[in-house]
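# Survey of secondary and tertiary structure
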Amino acid sequence: MNAIRRREFITLVGGVAAAWPLAARAQQDTRVRRIGVLMWGDENDPMLKSWVSAFTQALANFGWTDGRNVRMDLRWYGDDINRIGAFAQELVGLQPDIILANTTPATVAVQRETRTIPIVFANVADPVATLVA
C-alpha cells in the first residue's frame, strides 16, 4: 500500500471535521456522537498513530473531544484482509454516526454492511469504479 503523505492526511482530516453535521453543534445536543474507524496496519505503528492523533486533534479543533462529546471506536485489521469483514460488521453493529475507512478493501467491507451510516474514506484507488453499486 502506498503511504499517504502527512499533509494529504491532515487535509482529509480537515475535510472530515468540516463535513460533520453543523446542525448538531448548533442544537447543543448532549448526546455523545460515535465515530467508527477501520484502519489498515498495526495500532503500534508510529506513523499510523500520528494519523489517528492528527484526526483526533482536528476533531478537537472543531469542538469534538474524544470521551466528552464524541467516542471513537477504532479497529485495526493489520495486513490480514480476512479480518476486515468481521471488523466492518462489528463497527456497523455499534451504530456509529459516521465511519472512517482508510483503504479500498475497508471501504468496500463497510459499504457491504451498511447503506445508512455515512462512510468517509481515504486511500481508495478508484472510488467511482470500486464503490458505486
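Residues numbered from 1 in each chain as written. Predicted model: local features only at pLDDT ≥ 70, side-chain atom pairs only at ≥ 80, totals over all residues. Heavy atoms only, no water.

A word on helix 3 (residues 46-61). Over its 16 residues, helix 3 extends 22 Å from the first C-alpha to the last, a length consistent with the 22 Å expected when each residue adds 1.5 Å. Within the span of helix 3, buried status applies to Leu48, Trp51, Val52, Ala54, Phe55, Ala58 and Leu59. Projection of helix 3 onto a plane perpendicular to its axis shows the buried side chains occupying an angular sector of 155°, all on one side. Summarising the geometry of helix 3, the exposed residues directed more than 90 degrees from the buried face are Pro46 and Asn61. Taking the backbone nitrogen of Met47 as reference, a side-chain oxygen 2.8 Å away marks Asp45 as the first, capping residue of helix 3. Within two residues after helix 3, Gly63 carries a phi angle of roughly 90°, on the positive side. (Helix = DSSP H or I, 4+ residues; strand = E, 2+ residues; numbered from the N terminus. Expected span 1.5 Å × (residues − 1). Buried < 20%, exposed > 50% of the residue type's maximum accessible area, 1.4 Å probe, protein only. Arc of directions from axis to C-beta. Polar contact = N/O pair within 3.5 Å; in protein donor to acceptor, adjacent residues only side chain to side chain.)

Across a sheet, paired strands are connected by hydrogen bonds in the backbone, their directions being either parallel or antiparallel. Spatial ordering of the open sheet is given by 2-1-3-4, a layout of four strands whose pairing is parallel. Since the sheet does not close on itself, it has two edges, and those belong to strand 2 (70-76) and strand 4 (119-121), each with one partner. Ignoring which end each strand starts from, the neighbouring axes of this sheet average 20° apart. Strand direction decides the pairing type here: strand 1 (residues 33-39) and strand 2, joined by seven bridges, are parallel. (Pairing = 2+ DSSP bridges. Axes fitted to C-alpha atoms, helices over the stretch in contact; angles between N-to-C directions.)

Ranked by size, the top nonpolar core spans 15 residues in total, and within it Ile35, Met39, Phe55, Leu59 and Met72 carry the most contacts. Elements with a minimum of two residues in this core: strand 1, helix 3, strand 2 and strand 3 (98-101). Considering every element that reaches this core, the biggest residue donor is helix 3, with five residues. Within the second largest apolar cluster, 13 residues are counted, among which are Leu91, Val92, Ile99 and Ala106. (Core = buried A, V, L, I, M, F, W, Y, C linked by side-chain atoms within 4.5 Å.)

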